[in-house]
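Architecture at a glance
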Amino acid sequence: MKLDSREQRSTTTIHSRQQGGDEMRHAIDQWLSQTKPGGTFRSSFGSSTLPPHAAVKWNDPAGASVQTLRRVDQSTASEQLQSRTAKLASAKKTSTHSPSETKRDASTARLSGLLNKVRFFSGSDIEFTSIAKSAESCEPGQLVVYRLGDDCPVELISQALARGAAGILTEQILPAPVPQAIVADTDRALAEIRSKQTDRPDQKLITIGVVGSAGKTVTAFLTASVLRDIPCRVAYQTDLGSSDSVVTEAGAAKVTNGASLIDALSDAVDAGAAVSITEMDSAQLRLGSYDQVELDIVVVTGSDAGGNDFGPSPIECAFELVGQGGVLIIPESDQRILATAHTAAQSQNIELVTYGVDNAADVSIRTISHEDGTLTAMLRHESRAAVMESFLGRGHFAQCLAAAAAVGVVTENPLPQIAESLCKLRELPGRFESITTGDWETDQNNPSVRLDIGGSPERVKFALQSARKELLQTPASSIPMTLSIKGSSESSTPRRPKLWCVLSVSENEDAETLMQYGRLLETMPDHCVLTCADKDKANFLSMSHGVLDGIQDVAAMRLVADSSRAIQWAHGEANKDDMVLVIGGIDRSHPDSERRSLDAVTQVIAVCAENRQQARQANSHPSILQGSHPDPSANLDLTAQNTESDKQNLKLFDGN
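Residues numbered from 1 in each chain as written. Predicted model: local features only at pLDDT ≥ 70, side-chain atom pairs only at ≥ 80, totals over all residues. Heavy atoms only, no water.

Turning our attention to the packing of helix 15 (residues 457-472) against helix 16 (residues 511-523). Any two packed helices are characterised by how steeply their axes cross, that is the angle between the axes, and by the distance between the axes. As a packed pair, helix 15 and helix 16 sit with axes 10 Å apart at the nearest point and diverge in direction by 15 degrees. On the basis of the axis angle, helix 15 is roughly parallel to helix 16. As for the relative orientation of helix 15 and helix 16, their crossing is right-handed in sense. Within the contact between the two elements, helix 15 uses P457, V460, K461 and L464 and helix 16 uses T513, Q516, Y517 and L520. Here the residues of the contact of helix 15 with helix 16 are counted per class, giving five nonpolar, two polar and one charged. (Axes fitted to C-alpha atoms, helices over the stretch in contact; angles between N-to-C directions. Helix = DSSP H or I, 4+ residues; strand = E, 2+ residues; numbered from the N terminus. Parallel < 35°, antiparallel > 145°, perpendicular 65-115°, else oblique. Left-handed = near helix turned anticlockwise from the far one by under 90°. Contact = heavy atoms within 4.5 Å. Nonpolar A, V, L, I, M, F, W, Y, C, P; charged D, E, K, R; others polar.)

Attention shifts here to the sheet that holds strand 11 (residues 167-170). Taken together, four strands build an open sheet; the order of strands is 8-12-11-10 and the sheet is mixed. The sheet is open, and its two borders are formed by strand 8 (119-121) and strand 10 (143-145), each paired with just one other strand. Across the sheet, the axes of successive neighbouring strands diverge by a mean angle of 25 degrees, strand direction being ignored. Across three bridges, strand 11 lies against strand 12 (residues 180-182) in parallel orientation. Residue T170 lies in a different strand from strand 12, and its bridge partner there is I182. Of the strands in this sheet, strand 10 and strand 11 are in contact with helix 6 (residues 186-197), which crosses strand 11 at around 120 degrees. (Pairing = 2+ DSSP bridges.)

Scanning the model with the defined rule gives 18 salt bridges in all. E470 serves as the salt-bridge partner of R450, at 2.5 Å between the closest nitrogen and oxygen. Of the two residues, R450 is situated in strand 25 (residues 448-452) and E470 in helix 15; the sequence distance between them amounts to 20 residues. When sorted by exposure, R450 lands in the same class as E470, which is buried. What you see here is one network of salt bridges that share partners, running through D239, R431, R588 and E594. (Salt bridge = Lys/Arg side-chain N within 4 Å of Asp/Glu carboxyl O. Buried < 20%, exposed > 50% of the residue type's maximum accessible area, 1.4 Å probe, protein only.)

Turning next to helix 12 (residues 398-410). Helix length check: helix 12, at 13 residues, gives a terminal C-alpha distance of 18 Å against a target of 18 Å (1.5 Å per residue), a fit within 8%. A large share of helix 12 lies buried, amounting to 12 of its 13 residues. Within helix 12 the residues assigned to the buried category are A398, C400, L401, A402, A403, A404, A405, A406, V407, G408, V409 and V410. Directly beyond the C-terminal end of helix 12, a positive phi value near 65 degrees is found at E412. (Expected span 1.5 Å × (residues − 1).)

Attention now goes to the sheet that holds strand 25. With mixed pairing, the six strands of this open sheet are ordered in space as 24-25-33-30-31-32. Across the chains shown, the open sheet's two edge strands, defined by having one partner strand only, are strand 24 (433-435) and strand 32 (557-562). Recorded for the sheet is a direction-independent mean angle of 25 degrees between the axes of neighbouring strands. With five bridges joining them, strand 30 (residues 499-505) and strand 33 (residues 579-583) adopt parallel strand pairing. When the sheet's bridge partners are listed, V502 is paired in strand 33 with V582. Sitting on the sheet, helix 16 is in contact with strand 30, strand 31 (527-532) and strand 32, with an inclination near 170 degrees to strand 30.

Note that every value here comes from positions in space, so none of it alone points to a role or purpose.
Have a look at this one:
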């Protein structure tokens, strides 16, 4: 249940919500009215001239009928977004708030006015100035938070008493003569407090949540690319970084849920953003960490990764956050998600839009060709169509492209503009990323390398399927005809390119996940190498046994604890026509660590390619021996020395 519904707004307030203080759109509209008099515009099927404006009647949240002027058909993209937002806003319930509740960051605040469900001990209320980051840094008048299991109660009480804390926010009563506020969950209470203090920033933006088992980050960035071309300012919070629509950063903390997400939305409002896109964590969704945010649009990617405890799935939790008049964008191919979405749409009065690839969805992508890492497709919606090309992930993210296109259709953007916006994003770090050295000759003489962050069986399966599909498009190479010792000639035989997979497992993965990795590694790649990150080396043997439990032929698996040496071995053994797929081994604790880990793995792959190219050049251009009769044994010794040096001295388990 939502804490409160959307506030009453006048017509001016609703329009300012979408504009977000962005003066650039107003200048663009003025330029269009001056340069294109008479309402002439160009569509994907030709040109036409229509009346530039028409009166539109609609009901504001207060129930009064309002008549406004807006463009018809040829309206600018910003006005199209406004019409969509006005439709969403008019369907929201309204409520009034006292001035004390809507005042932002007041000098002092009462906890009883910020929390709905709270009980007080040693007092009837707590009046505080702000929330302390920790008990050690508390200042007089601040509220201290006691996190059960993380903080020492004795030290926290002594610090709160000594530093003059106004009170303690806790989940259980503490033996201290300090006013205490007892709540069910401190993290959710902090999010509720920040939401009230910042005047519900989620109500001043078009909020879009991206949820699912795979493809969330790619879909979030594609959606941001589509909406930026409205033009309007777009804020986002993803695993790769966050933006308030002006400043983009990859910091040392994830902005994904709770009070940090509320603060990020508040910063986006202050920066003049009109839309905010949030990549939602499945585990946090089930814990209720997003309950203080009301969503206008929910985009589902991948599949419904439900839990094993018979509770609600993350997607069901996300559907509950959608307000009346919102939109659910779901894949047409997943019948389970379709059934859940239809139930939510009927009970919550929300709209349902499906997307898919080569199927009869509301918004679909029809594949024309997929060659040389380029996807050429037809983007379709109802009777309209537009041709597009995509290089993202070597053309393997068609589902994410269709999901982002559906968001563009919902916000009433022209289909050709959506197709053009989707083509702008060419690559994302760690999302089936193609790793090259930048030198054409070196890349041609080395196996192709793809890097994916992995993290779940669904993502590993997607990466393996994409790699296998790409290899099937690679023509088989022919081995040249050779003459055997006995004098009989051997005809050339075609050699099929092979897939080498280097999978890094983590100690945070359970036994069922490790077994699923084993099944995938045994059935999909030709050769597989199992490794782990440096911090997990101590538990590598036990994790390997978990993976081998899902494999029949355990002898087919190679185990190398050091991830760098595992990549070196696979890269050295692969043929130049083969593909090496590196999955996992990335520190995803926060965006900065993820980017650093990706750069480190990329550097290891680049060094392997350069060393292999140098060795090839040294063997192809042998040095000229002195003398008119060179000793043939010298050439044999040199060859033997090179062959011996090329072999990797690997261990089954390396604990260093």
